[in-house]
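# An overview of the molecular structure
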Amino acid sequence: LKLTMYPMAAEGHDGQTRDMGHYEAIIESISDVAYFIDSDRNVAYTNRSSLQHPAVSLEAVRGEHVMDLMEQIVADDEDPARFERTLETVYHEEENTEFPVTVELDLGVSSGTTTREYRLSPYPTENGTGVLMLSEGTTEQGERNRTDQKERELRLEENGAILERLTKATDDIF
């Protein structure tokens, strides 16, 4: 899923102000990792897709300062300040900035390091500007995943052929 988010209006088309629950239902339906970050830089909401990262649990991350979260999940050789600078650009809605703003970060995972792209857009809250942050694996990671899948399928075919020969050999013996 390739989703581009732009600043969301605080009011719906009917002029009524939307509460966080209105957006949560939308975000929960997205397969990408998604976070709402409030004006204090705390994670106000995250969807279940964020559980893809082993250091993240829904209960632990909600209410946590976003930079504390990023410091937990970025790879050892990654600079979390790059993310923070990007985040501040969005909060201040700097002139001539095209939203969403994108930053790629290397994350530490149990199997090593993976690269994820984060897309950040401002959204209005009762207390000022918040940020909607979406994350997905990079194209390079997608290519690796497709290659891995093809290799698994080939191994399954080979194992199926071996099993078929063994079954035939067993039938011939008995």
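The following paragraphs examine the structure supplied in this document. (Residues numbered from 1 in each chain as written. Predicted model: local features only at pLDDT ≥ 70, side-chain atom pairs only at ≥ 80, totals over all residues. Heavy atoms only, no water.)

With 12 residues, helix 4 (residues 80–91) should reach 16 Å at 1.5 Å per residue; the first-to-last C-alpha distance of 17 Å fits that figure. Along helix 4, the positions that sit buried rather than exposed are Pro80, Phe83, Thr86, Leu87, Thr89, Val90 and Tyr91. Where helix 4 is buried, its residues touch strand 1 (33–37), helix 3 (66–73), strand 3 (101–109), strand 4 (112–125) and strand 5 (128–137). Glutamate 93 occupies a position one or two residues after helix 4 and carries a positive phi of about 40 degrees. (Helix = DSSP H or I, 4+ residues; strand = E, 2+ residues; numbered from the N terminus. Expected span 1.5 Å × (residues − 1). Buried < 20%, exposed > 50% of the residue type's maximum accessible area, 1.4 Å probe, protein only. Contact = heavy atoms within 4.5 Å.)

Turning our eyes to something else, we now look at the nonpolar core. In this structure, Val66, Phe83, Tyr118 and Leu120 are the most contacted members of the largest nonpolar core, which totals 24 residues. Elements with a contribution of two residues or more to this core: strand 1, helix 3, helix 4, strand 3, strand 4 and strand 5. Tallying contributions element by element places helix 3 first for this core, with five residues. If near-sequence neighbours (up to four positions away) are discounted, valine 66 is found in contact with Ile37, Arg41, Asn42, Val43, Phe83, Leu87 and Met133. (Core = buried A, V, L, I, M, F, W, Y, C linked by side-chain atoms within 4.5 Å.)

This paragraph deals with helix 3. Those residues of helix 3 that fall on the buried side of the exposure criterion are Val66, Met67, Leu69, Met70 and Ile73. With its buried residues spanning 155 degrees around the axis, helix 3 presents them on a single face. (Arc of directions from axis to C-beta.)

This part is about the pairing of strand 5. Here strand 5 lies mainly inside the structure; seven of its 10 residues are buried. Alignment of strand 1 against strand 5, held across five bridges, turns out to be antiparallel. Residue pairing for strand 5: tyrosine 35 is matched across the bridge by methionine 133. Note that strand 4 and strand 5 share 10 bridges and pair antiparallel. Note on strand 5: the bridge partner recorded for glutamate 117 is glutamate 136. Hairpin connection, strand 4 to strand 5: the antiparallel pair is bridged by two residues. (Pairing = 2+ DSSP bridges.)

Here phenylalanine 99 and proline 100 are connected by a cis peptide whose omega angle stands at 0 degrees. Positive phi, close to 75 degrees, is recorded for arginine 41, a residue that is not glycine. Relative to the helices and strands, arginine 41 resides in the loop between strand 1 and strand 2 (43–46). By relative accessible area, which is 17% here, arginine 41 ends up buried.

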